[in-house]
Every structure is written in structure tokens, then in C-alpha cells.
Amino acid sequence: MPLGPARIAPSGSLSDVLVGRQAELAILRTVITAPPSLALIEGEAGIGKSRLVSELLATPGLAGIRRLVGQCEQLQEPLPLSPLLDAFRLAGAELARSRPVNPVIGALAPLLPEIAEHLPPPLPPLPDQRAERHRVFRAAVALLDHLSPLVLILEDVHWADSGTHDFLAFLAAHQPRHLSVILTVRTEAGLLPIREAFARAPSGPARSVSLTPLSRPEVAELARSILMAELPPTFAALLYEKTGGIPFVVEEVLRTLLERLPASEIPGRSDVLAELAVPTVLRDVVLRRLSSLDDAAQEILGAAAVIGMTPDDRVLAEVTERGPAQIARALGQAQAVGLLHEEDGRCRFRHALARQIVYESVAVSGRRWLHLRTARALESVAGPRPVARLAHHFRLAGRTTEFVGNAEAAADTALSHGNDATAARFLLQALEIGELPRELRVRLAVKLGRVAVDGLAHTQAVPILERLLATEPLPAPLRGELRFALGRLLRQQGEARAGYLQIEGAIDDLAERPALLGRALAVLAVPETVVNRHVSEHTARCEQAEEASRRSGDRDVDIAVRIARASLLLEQGDPGSWRLIDDLLRDDGLRSAPKEHARACLNWAQGALHIGRLERAQGLLAEGRQAADQAEYLRVADVVELVTAAVDRAAGRWEGLEHRLRPLEGASATFAAGSLDSRLMRGALLAARGPAEEAVTGLGEVIAIAERVGAVWPLISARMTLSRLLLTLDDAVGAVEQATAGLDQVRAKGNWVWGAETVLCLVDALDTLGKAGEAAALVDELSAAIDGADAPIAQAAALSARAVIARFRADQLTAERLIDAARTTLREAGLRYEEALAGERLGRWRCERGAADGGDLLESALRRYGAMGADRDIARICRIMRQNGVPIPYPWRGGRPSHGQTLSSREREVALLAAAGKTNQEIATELFLSRRTVESHVSSSLRKLGLLSRKELRGLTAFPADPSDSPV
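Residues numbered from 1 in each chain as written. Predicted model: local features only at pLDDT ≥ 70, side-chain atom pairs only at ≥ 80, totals over all residues. Heavy atoms only, no water.

Break down the environment of Thr728 for me, with residues and values.
Here Thr728 shows up in helix α36 (residues 712–728). You can call Thr728 buried: its relative accessible area is 16%. Between the alpha carbons of Thr728 and Arg872 there is a distance of 9.2 Å; along the sequence they are 144 residues apart. Polar contacts involving the side chain of Thr728 include one to the side chain of Arg872, which spans 3.2 Å. (Helix = DSSP H or I, 4+ residues; strand = E, 2+ residues; numbered from the N terminus. Buried < 20%, exposed > 50% of the residue type's maximum accessible area, 1.4 Å probe, protein only. Polar contact = N/O pair within 3.5 Å; in protein donor to acceptor, adjacent residues only side chain to side chain.)

Summarise helix α31 (residues 614–631); cite the residues concerned and give the values.
The terminal C-alpha atoms of α31 lie 26 Å apart, and with 18 residues this matches the ideal 26 Å at 1.5 Å per residue to within 8%. Leu614, Ala617, Leu620, Leu621, Glu623, Gly624, Ala627 and Ala628 are the residues of α31 that are buried. Packing partners of the buried residues in α31 comprise α28 (576–585), α29 (588–591), α30 (594–611), α32 (637–650) and α41 (812–829). A positive backbone phi angle near 50 degrees is found at Glu632, which sits one or two residues after α31. (Expected span 1.5 Å × (residues − 1). Contact = heavy atoms within 4.5 Å.)

Provide a residue-level description of the pattern of salt bridges, including the pertinent values.
Inspection of the entire model under this criterion finds 63 salt bridges. We note a salt bridge from Arg533 to Glu537, for which the minimum N-O separation is 3.9 Å. Owing to a relative accessible area of 37%, Glu537 belongs among the partly exposed residues under this scheme. Among the charged side chains, a network of salt bridges with common partners joins Arg376, Glu379, Arg385, Arg399 and Glu402. (Salt bridge = Lys/Arg side-chain N within 4 Å of Asp/Glu carboxyl O.)

Explain the sheet that holds strand β4 (residues 179–186) residue by residue, including any values.
If you walk across this open sheet you meet the five strands as β2-β3-β4-β1-β5, and the pairing is parallel. Every other strand in the sheet has two partners, leaving β2 (67–71) and β5 (207–210) as the edge strands with one partner each. Pairs of neighbouring strands in the sheet enclose a mean axial angle of 15 degrees, with direction left out of account. In terms of strand pairing, strand β1 (residues 37–43) meets β5 through four bridges, oriented parallel. Across the sheet, residue Leu40 finds its bridge partner in β5, namely Ser208. Running over the sheet, helix α2 (residues 49–57) touches β1, β2, β3 (150–155), β4 and β5 and is turned about 155 degrees from β4. This element, helix α5 (residues 129–147), spans β2, β3 and β4 of the sheet and lies at about 130 degrees to β3. (Pairing = 2+ DSSP bridges. Axes fitted to C-alpha atoms, helices over the stretch in contact; angles between N-to-C directions.)

Kindly report on the pairing of β4, identifying the contributing residues and their values.
In terms of residue burial, β4 counts as a mostly covered element, since seven of its eight residues are buried. As paired elements, β1 and β4 share seven bridges and run parallel to each other. Residue pairing for β4: Ala39 is matched across the bridge by Ile182. In the sheet, β3 pairs with β4 via five bridges, with the strands oriented parallel. What sits directly across from Ile153, in β4, is Ile182. Handedness of the crossover is the feature at issue here: the chain leaves β3, passes through helix α6 (residues 162–173), returns alongside β4, and the resulting connection is right-handed. (Right-handed = clockwise from strand over helix to strand, strands pointing away.)

Can you explain helix α44 (residues 871–883)? Please cite residues and give values.
Spanning 13 residues, α44 covers 18 Å between terminal C-alpha atoms, matching the ideal 18 Å at 1.5 Å per step. Among all positions of α44, only Asp871, Arg872, Asp873, Ile874, Ala875, Arg876, Ile877, Cys878, Ile880 and Met881 are buried.

Before we move on, can you summarise the packing of helix α13 (residues 295–307) against helix α14 (residues 313–320) with the specific residues and values?
For the pair α13 and α14, the least separation of the axes is 10 Å and the interaxial angle reads 120 degrees. Here α13 is positioned oblique relative to α14, judged by the angle of their axes. The crossing of α13 and α14 is right-handed. Of α14, the residues touching α13 (which contributes Ile300, Ala303, Ala304 and Ile307) are Val315, Leu316, Val319 and Thr320. (Parallel < 35°, antiparallel > 145°, perpendicular 65-115°, else oblique. Left-handed = near helix turned anticlockwise from the far one by under 90°.)

Explain the side chain of Glu816 to me, using residue names and the numbers behind them.
Residue position: Glu816 is located in helix α41. Beyond its immediate sequence surroundings of up to four residues, Glu816 is in contact with Leu842, Trp845, Arg846 and Arg849.

Describe the packing of aromatic side chains, and please don't skip the residues or the numbers.
For the structure on display, the rule yields five aromatic pairs. Taking 5.7 Å as the distance between ring centres and 50 degrees as the angle between the ring planes, the aromatic pair formed by Phe137 and Phe170 counts as tilted. Separated by 33 residues along the polypeptide, Phe137 in helix α5 and Phe170 in helix α6 bring together distant segments of the chain. Comparing Phe137 with Phe170, the two get one shared label, buried. Each ring, one from Trp713 and one from Trp754, has its centre 5.4 Å from the other, and the planes form 65 degrees; the classification is edge-to-face. In this pair, Trp713 is assigned in helix α36 and Trp754 in the loop between α37 (732–749) and α38 (756–768), connecting sequence segments 41 residues apart. According to the relative accessible area criterion, Trp713 is buried, its value standing at 14%. (Phe/Tyr/Trp six-rings, centres within 6.5 Å; stacked < 30°, edge-to-face > 60°.)

Give a description of empty space enclosed by the protein that names residues and reports values.
Under the counting rule described, the total for this entry stands at three cavities of 30 Å³ or more. When its volume is computed, the largest cavity comes out at roughly 90 Å³. What lines the largest cavity is a set of 14 residues, among which Ala45, Val249, Leu282, Arg289 and His351 lie closest to the centre. Of all elements in the fold, only α10 (247–258) and α12 (280–291) reach the threshold of two or more residues within the lining of the largest cavity. A total of four residues in the lining of the largest cavity trace back to one element, the largest contributor, which is α12. Taken as a whole, the second largest cavity encloses approximately 60 Å³ of empty space. Arg823, Glu835, Ala836, Gly839, Leu857, Ser860, Ala861 and Arg864 together form the lining of the second largest cavity. Going through the elements one at a time, α42 (832–848) and α43 (854–868) are the ones with two or more residues in the lining of the second largest cavity. Along the lines of polarity and charge, the residues of the lining of the second largest cavity split into three nonpolar, two polar and three charged. (1 Å grid on protein atoms, 1.4 Å probe; cavity = no way out; pocket = protein on both sides within 12 Å on 5 of 7 lines; lining within 4 Å. Points joined across faces, edges and corners; volume = space filled by probe spheres on them. Nonpolar A, V, L, I, M, F, W, Y, C, P; charged D, E, K, R; others polar.)

So, unusual backbone geometry: which residues are in play, and what are the values?
Cis peptide bonds are those with omega within 30 degrees of zero, and the linkage from Pro35 to Pro36 qualifies with -5 degrees. You can see Pro36 is positioned in the loop between α1 (22–32) and β1. The amide bond that connects Gly690 to the next residue, Pro691, takes the cis arrangement and shows omega of 0 degrees. Mapped onto the secondary structure, Pro691 falls in the loop between α34 (675–689) and α35 (692–709). For Asn532, which is not glycine, the phi dihedral falls at a positive 60 degrees. When you line up the elements, Asn532 lands in the loop between α25 (514–525) and α26 (535–552). Positive phi, normally seen in glycine, also occurs at Asp730, with a value near 65 degrees. Take Asp730: it is sitting in the loop between α36 and α37. Classification of Asp730 by relative accessible area gives exposed; the value is 64%.

Break down the packing of helix α24 (residues 496–506) against α25 for me, citing the residues and quoting the values.
In helix packing, the relevant descriptors are the interaxial angle and the interaxial distance, both defined with respect to the helix axes. Closest axis-to-axis distance for the α24/α25 pair is 10 Å, and the angle between their directions is 140 degrees. Judged by the twist between their axes, the crossing of α24 over α25 is left-handed. On α25, the residues that touch Tyr500, Ile503 and Glu504 of α24 are Ala520, Val523 and Leu524. Residue classes in the contact of α24 with α25 are distributed as five nonpolar, no polar and one charged.

Outline the state of the cysteines, supporting the account with residue identities and numerical values.
Two cysteines, two sulfur atoms, one covalent bond between them: this is a disulfide. For the structure shown, the criterion picks out zero disulfides. Here Cys878 is not cross-linked by a disulfide; its sulfur's nearest cysteine counterpart is in Cys847, at 13 Å. The class for Cys878 is buried, based on a relative accessible area of 0%. (Disulfide = S-S within 2.5 Å.)

Please give an account of the pairing of strand β7 (residues 346–349) that cites residues and values.
Of the strand pairs in this sheet, strand β6 (residues 340–343) and β7 are connected by four bridges, and their pairing is antiparallel. Each residue of the ladder has a partner; that of Leu340, found in β7, is Phe349. Between β6 and β7, which follow one another and run antiparallel, lie two residues, and Asp344 among them has a positive phi close to 55 degrees.

Okay, here's the thing in C-alpha cells:
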């Protein structure tokens, strides 16, 4: 049995996963399994030495091995042999079972009073102190031999007293045959006096295991294991830069972030990581190392922190007015204590947080002076002027004129390299200066307007442009450019109507700038942007854009306008849109502009989903993602995730989808305009899965926000989804109201392809009220409007609506033929959920007239719902199957065991509380469960009971329980 704790990893470790240490772990396994053996685990503080030992001892096959663990303490005067004696105290129980007989071991009894009764009697003292120490050493080796086979682990031996070092040298020369010794040592503490003894040990030289920082991919892996989420490349890169790959620092940084944000939001918040305050624990460690340097070295290191992560020796000498020898000596000291390390032949701060701590240790006035001296030194450097670094140092030195000039130059340089985000950052910093000449402020604002959309600086840039347009008398072309830029920014923020109106207001001002005019008109041509603009207006805007493009003669503008034309036709289901799209995808002009290429593909992928062309959407998404990756186009990262989620939803791949959507709705989302689409999608999932009440609330919020901001696409679709949901909740009147309101928007837009499913919802609701005949004219209008449209969703909805009318008129066979045609259309389009709905409808109708295949159709739909986890739909279709005498197969959902139609004890407990009117949160609190677990139990209970909502639970006091859950 082990004599010490099985794991000795630092307490409070956030990750259960050992990352990047498999080779080192394999070496240590070899050491343990081949005694007598010695091993030194070396590395800087926080590198993971103790964690490696812990993982070693927890390895299957080694977990039962006997071990003693001793810890050296950081004391001013360490106690003699204290880590070894602490380890021996752990052996009391083992010594009680097997008392040692070697009398020399009695020399330890006075040093170990806690276990002295299990040791031989104390020996008489020797007059020679050296002889006494030698006898104690012999006693310790004898006791280790008695306890063998054994692994002796001593942690942080760099803090051990000289007596312990002498004992370890003695042990190396007299090591018992079945003993393995593992020591952990900090490299920055200098060379240990026992190294030579360990190298000359009779059992063979000690194995040295040197731990180095984690690589960038390994840091990302460690963070993923802690946050349980994928990391965007930008976040992973910044985390690596901040932490230098040191596991302890990675964990402390993430621990600090977890105190402020949910784990799921952290990967999307690179801004929070960049602005992170230094964790207190890490600050104390770094300051302790800094204080160990002499005054001159501290001063030089403070200047180095001001200069940058990798301070240039020449600049450092000029800033500090110190000679090369003094600089070299100071940097050497800092490297020896682990504040710096060597990289590519130069000294570099160990990680960004170490530099930040040293930087903040310098007084504010001293920092300003050092920044100014650094800027002056950089100005004298031969070669291209380092404008970005000069802007940084002049800003922190408080020299505004020099800062603004260099910031503008840095923005121009960044823009020339396609780095819009960096350009926007410099321009925003420059515009924060209060007293700027009017001409300069306008010039900077115009540049900001050009880069802010792709630079993700929407929130900061909007008030600057609004204030400039409101207060400055600008010439028309300049005013038009700024209004166009402001409109695009507002649209990016989700303010569809406000953005559209700004761009509309810019058109007249841009009359003499045809290239910019063509781009503005192309934006206005896209139909899904705003309410209360008829598709004919969008068509007219597109024709105007084409004329402006011809006047400009600009090939890039021509590409942008052709993209808009394709989008306009695609959203209407015009088959000719695919020819335009395919031509553009082959166009070298589009392929040579990867950002435009990515935007176009993603917009078309969304349009393809709107009309039900899933296969094309998947292809466009793949091409758009590839183009975005090629361009490192951060602005569309959330769009890629959103479209990917929409594709997966359409294809019926719902596993984990709701969890993936949540970050796209939070404050960390970089594409605020997509937040409504994400919330709409999540509402639709809840409508199918439950809880229904949460779905109603969520969809209502989407509708309210979409109406406020004037966003037409989520508005129409959200009303349709809510109408369909209300009908399942027996609220046919509410379903009619939502569908009617949605159709008002469809008529205002003039695009019936978007309104087909809303028409079907209205027909279904009226049919429930016995009034389906009232919708016959509307269905005919829809069918005529979408005749010839390449839009599977709309065509299937029209067929289904006509089927309901036919059935209302008692033409059952025509109704079934039409709904079967709708189901085939949806199946061929790959739209699994819509196909299941149509199959359920057809199966129900055929069962009601006694057709033999009705049950098979219902079972097929049930299995589709099961694969998607659509619990509310499962509950509904199970009730239909019971009503029609169709056997319900169990288990049918992914092969998992089921309680059939009875409730487990936990489900019954939850259902009773829900029936009593308690909310999910109240139930979670009462039963000490998570809210999500309660939601799962409620959904499962409703499905098993054949109920569609919590409302139907109210008042029930008894439920069928599973007898297997009863106490014996």
C-alpha cells in the first residue's frame, strides 16, 4: 500500500489533464520500474514539476507502489533533514506492522518522536558531531532499505539545508537495491551541490528530466481542457504570449478570467485577456524575484520592461546611460532568477505578464521619462522609421503631437498591409486626443470610417462618426463617405433600419464619386437587410449600382455589384442566381480579394438556407471558411460559426447546437447583427425540444428586437416559428395573429418565397379553428407568386398548404398526394426536420383513414425526431401513435436505455414539482440539481406522458413510476 498521498499536484489545479509531458512521463516510469535509480526533475517555478510527479504516481500499474514524499520549505534557516524526516513520519502505520530490527535505525528515534515507538531504542550519543551525523545518515539509509521497495520523492530540493544535500550525496553512494529516488529542483536556483554525487552514483548516473514551457498548441490544449471549449486562434496566440507557455501562469490567468466571465464566453473575449490585471499570486512571485536583484539591475530591468518584450541592448544602453558590461550583467542576473530567458540569441521577458509586473513596479513619472527616452532612441535607429513603436512610446510619454503623427503613419502602414484592425486601433487612439485641429480630426475620422467595419472597432467608431457628422460642416463627397461608413457600422451592430437610412442619406452626396456610390447602392440592393422596403426598390437600387459601377470603371466595384445582384436574385428563389454565383466563384477578380470572397460566400450560404438549398449552402460555407482563413479575416469568424450552426440545424445535426449558439449572442460576439439570427435559431430548437415556455419567451424577444431595429429576415421567420409553436400549445388564435403579422411584413417586402411557411402556419391555425377555407385565395396567391422558383422550402410549404385546403374540402387522396410531394421535396433537399414534420402529417392522415402504411410513416418521423432530440415533437407524435393504435418502439433514441412510458424516480420527483407550479430554477434549487438537468427531466417526462407543455402538467398529482426504481 502507498505510504503517501497518491497525487501531489499543487492544490487548486484547474485541469485534470496532463498536457505535453508524455516523453518525460515515460522516462520517469522507466526510473521507477528499474531500481536502484535516481532522477532529477528540473525546471523553473510553475513549469509543472510537482504535477508531473503526481501524474507519474497515479499511472495505472504504479498507483499501488509504496512511496514517501517530503517537501522542502522556503525558510530563512531550513531545519536539518526536515524533508526526509517529514517523509519518514508518513511511514508510521507501515512500521507498526513491520518493525525494523537494525539497531542503527534507533539513531532516528530522537528525531522522530511521533513514530519512535515503532523504531529500535535510541542509541547513546557519540562525542564526535561528525560521527553522530554519519550514524544518522546510516540509520536513514537503513530505514529506507527496510521500507523498500520504495519510491522516495523530495520536492523543491533547492530549498533544502546543507545537511539534506549531504545526506542525498551519501544516499547516492549507498543506495538500497530496491529504492528509487526522485527530486524536483528549480533551475533558477543555481547548481545543486549534489549533482556530482548523483552523476557518480554506483547504481548509475541520475536521469535528468528538464521541463520546458509548453508550446503554443499545448497551451491551447491546456486552456481547452479547463474551459471545455474550442479556442479561436487569436485567443490561443494571445494566451501563449501572455503566459510564455508556463502551465502555472496559464492556470492563474484562466482562474482570474473565470472569476469574471462564464467559461463559454472566455474564448471569444481576447479583449479581456489583453487587458487582464496580473493575478496576485503571480505578481508576488515575480516581485520576489525582482527584489533579489541589486539596485542597478532593477533599474535596467525596469527600463527594459518599458522598451518591450525583447529589449534591444543598444536602445537599453542609450535609455539608461549604462555601459554594455553593466547591461550584460543586469540581464544576466534577471535571466538567472527566471525573469528573462534567451530566445533566438537575445534576452526576452519570460512572458508578457512578467514584463507587465516589472513595468508596473516603475514609478509613473519614471515610466513617462523612460518612454520619452525610448522614443528618442528609436528615432535615431537606422532604417525604416518604427512608427508603431514611436506612437506607443510618445503616447505613454504624454507627447500628443508626436503621438498623433506617428499613429496616423502607423495606421497607414497597417492598412497598406491589409491589417484593418491595427489601423483602426491607432486611429481610435489618435481621435481620443481632445484638442486636434479640425482638418486633422476630419482626416483621421474618414480613415477610421474606411477601416472600422473590418477592424472590429464598431462600438468605438460609431459615436466618433456621429459626432463629426452632427457638428462639422463637411463637403458633400466627404459627408457621403462618412455616412456610408457610419451606416455600415450601424448595420454591423445590428441596427438594420438606422444603418440603412444612413446609407440612403449618403446616396445624393456620393453622386460625383461613382465607385463609392456603386458600393453604397450595392448594400441597399440586398433585400434581407431592412423592413418596409419592397423588393422592387432593392431591384431599382441594384440597377443604379450597376450604372454607377460602369461610370467608375472600377473592377472591384463591378465585383461588389455583381455579388449584390446574385444575392438579390437568390433570396427570391430565381434559378438564374446560381449562374451568376458560379460565374463569380470562377472570377479571378473575386478570388484575388479573399475578404470579399469570404463575405460573398457566407452571404450566399445564408441565402441558400433561406430558400432551402442545403447542399449549395454547405459548399458555399466551406469555400467561405477557406477564404476567411486565407485572409485571417477575424470579422467574419462569428459569421462562419453562425452559418455553420444554421447548416447543421437544417441538416438535422442538432447535438450540442444550442451550446454552440450561446456565445454568438453574448457580449463577446464580434458580429452583433448575427445575434438575432442566433437567438432565432435557439428559439426554434427550444420549440422542438422544450421547454416550450422558454421558446415562447425567446422568440418573443427576437420579434421585439427585430421590430425595434427594423431587421426583416429574423422578424418574418421568428413570427412563423412562434406561430407554429403556439399551435402546438393549443393557442390557434395566437398562431393566427403571429402568422398574420408575419404576412404583413412579407407583403411589405414583396418576397413570397420568404412567406410560404408563414402561409402554411396560418392555414394550419385556421384549419384548427375550422376556417381553412378562408385561406384558399391566399394559398393560390402564394402558389402563383413562387411558380418556377428554385426554393424547396417555399415549394414544400405551398404544397402542404394546398394539401390542408384539399383535406378541408374532403379531398383526402389529393391532400395525401400533395403532402407526399412536399415530403419528397424536403427529403431531396436534405431538410431533415421539415421532412419529419411532413412525414408526421402524412402518417397521421393515413392512420385516420385506416391506411396500412400510416404507422410506418409515424415511426419514421419519430426516429427522425429522436435523432435530433426533439422531445416536444416526440411527445406529440407518441400521443398520435397511441391514439391510432400504432406501437411505439423503445428504446429508439440513439440506442440509449429508456424507462418506456414510465418515469424514473427522479423524473417523477421533478414532474410533481413542475405540476405544482414551480419553475425550473425553483426545482433546481430544491433538489440541488443544475437548471439544465431539470430542463432535461421535464422534457423527458413530457415526452413519456405524451404531453406537449408544462401547462398540461398543472394539477396532476400522480404519474406512472418505474417499478425498478422502487426500494426493495
